[in-house]
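Chains, contacts and geometry: an overview
Given next are the chains, with one letter for each unit.
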Amino acid sequence: MAEDSTSTFQAGRTGLIVRIPEAEPCVRGWRERFDPSAQAGVPAHVTVLFPFLDESRTDALVHSALTDVLGRHQAFDLRFARCGRLPEVLYLAPEPDTPVRRLTEAIADRWPEAPPYGGRFAEIVPHLTIAQGQDDGVLEEIEADLADRLPFTSRVASVELMVHDGVKWQERASFALRD
């Protein structure tokens with residue numbers, strides 16, 4: 001759910017994420033310094049879909065539909081063994097990334113008015129953002145620090161609906177994947 005700065009997080013904006021608690025010991029300090037979403041209260045995560053529907057539209061029917069769509073997908077493990085880069089972004093690459101892509105595609109198919117990242121990017125690149133907007137020297141320092149902390153694996157058994165309240169991101173609901 002990375003954006004350019006915390007000022008661009010709007011009250012009522014929502015996103016769907018998978019939490020990666022096993023990443024916190026590795027990346028918390030870096031994310032708190034260099035990832036605006038962490039500064040705004042989002043835990044270590046891989047985004048499933050951002051932005052999703054405005055909070056005013058996430059009623060009981062949407063929750064029921066999310067339960068149905070996401071409940072069709074099997075829980076899965078993600079392994080994080082390497083860093084990757086997008087322009088001005090350092091991230092941990094989940095492997096395999098296909099299960100996350102499938103979740104994103106299923107949600108975007110059900111709600112075509114909410115394309116991934118507002119339709120800004122042609123390709124879905126699942127990732128766990130560590131830092132953004134930094135020069136290469138800073139990103140290289142972070143990557144070197146993380147080299148000794150990888151790999152780790154995380155079990156993904158649910159997708160969380162996050163809502164920005166105007167100050168911080170808050171979890172509003174959790175939707176289980178099939179065991």
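Cut-offs applied
- Residues numbered from 1 in each chain as written.
- Predicted model: local features only at pLDDT ≥ 70, side-chain atom pairs only at ≥ 80, totals over all residues.
- Heavy atoms only, no water.
- Pairing = 2+ DSSP bridges.
- Helix = DSSP H or I, 4+ residues; strand = E, 2+ residues; numbered from the N terminus.
- Axes fitted to C-alpha atoms, helices over the stretch in contact; angles between N-to-C directions.
- Contact = heavy atoms within 4.5 Å.
- Phe/Tyr/Trp six-rings, centres within 6.5 Å; stacked < 30°, edge-to-face > 60°.
- Lys NZ or Arg CZ within 6 Å of the ring centre and 35° of its normal.
- Parallel < 35°, antiparallel > 145°, perpendicular 65-115°, else oblique.
- Left-handed = near helix turned anticlockwise from the far one by under 90°.
- Salt bridge = Lys/Arg side-chain N within 4 Å of Asp/Glu carboxyl O.
- Buried < 20%, exposed > 50% of the residue type's maximum accessible area, 1.4 Å probe, protein only.
- Nonpolar A, V, L, I, M, F, W, Y, C, P; charged D, E, K, R; others polar.

**Quick look at the sheet that holds strand S7 (residues 158–164)**
Strand order across the open sheet formed by four strands is S2-S1-S7-S8, with antiparallel pairing between neighbours. Taken across any chain shown, the strands that pair with only one partner, and hence form the sheet edges, are strand S2 (45–49) and strand S8 (169–176). Adjacent strand axes in the sheet meet at a mean angle of 35°, parallel and antiparallel pairs treated alike. Where helix H3 (residues 60–71) meets the sheet, it contacts strand S1 (14–19), S7 and S8, and its direction lies at approximately 55° from that of S8.

**A word on the packing of aromatic side chains**
Going through the model one piece at a time under the given rule, you end up with six aromatic pairs. Ring plane angle 15° and centroid distance 6.2 Å describe the contact between Trp30 and Phe34, whose orientation is recorded as stacked. Taken together, the residues Trp30 and Phe34, both in helix H1 (residues 24–34) and four residues apart, mark about one turn of the helix. Cluster of aromatic residues (ring-pair linked, three or more members): Phe9, Phe50 and Trp169. Taking NZ or CZ as reference, Arg110 lies 4.5 Å from the ring centre of Trp111, over its face.

**Re the packing of H3 against helix H4 (residues 98–110)**
At a minimum axis separation of 10 Å, H3 and H4 run at an interaxial angle of 140°. Here H3 lies oblique to H4, going by the angle between them. By crossing handedness, the relation of H3 to H4 is classed as right-handed. Within the contact between the two elements, H3 uses Ala65, Leu66, Val69 and Leu70 and H4 uses Leu103, Ala106, Ile107 and Arg110.

**Focus on the environment of Asp59**
With respect to the helices and strands, Asp59 occurs in the loop between S2 and H3. Put simply, Asp59 and Glu171 are 112 residues apart on the chain and 15 Å apart in space, counted from C-alpha to C-alpha.

**Brief notes about the pattern of salt bridges**
Counted according to the given criterion, the structure contains 13 salt bridges. Between Arg28 and Glu24 there is a salt bridge, and its shortest N-O distance comes to 3.6 Å. Taken together, the positions of Arg28 and Glu24, both in helix H1 and four residues apart, correspond to about one turn of that helix. Glu24 gets classed as buried once you look at its relative accessible area, which sits at 14%. The salt bridge partner of Asp97 is Arg101, with a shortest N-O separation of 3.1 Å. Its relative accessible area of 22% is what places Asp97 among the partly exposed residues. Here the salt bridges do not stand alone but share partners, grouping Arg85, Asp136 and Glu143 into one network.

**So, the environment of Arg102**
Position of Arg102 among the secondary structure elements: in helix H4. A sequence separation of 86 residues divides Arg102 from Leu16, and the C-alpha atoms of the two residues are 13 Å apart.

**Remarks on the packing of H1 against helix H5 (residues 136–147)**
The contact between H1 and H5 brings their axes to 10 Å, and the two run at 165°. By the angle between their directions, the pair H1 and H5 is classed as roughly antiparallel. H1 and H5 meet at a crossing whose hand is right-handed. Where H1 abuts H5, its residues Cys26, Val27, Trp30 and Phe34 lie against Val138, Glu141, Ile142, Asp145 and Leu146. Here the residues of the contact of H1 with H5 are counted per class, giving seven nonpolar, no polar and two charged.

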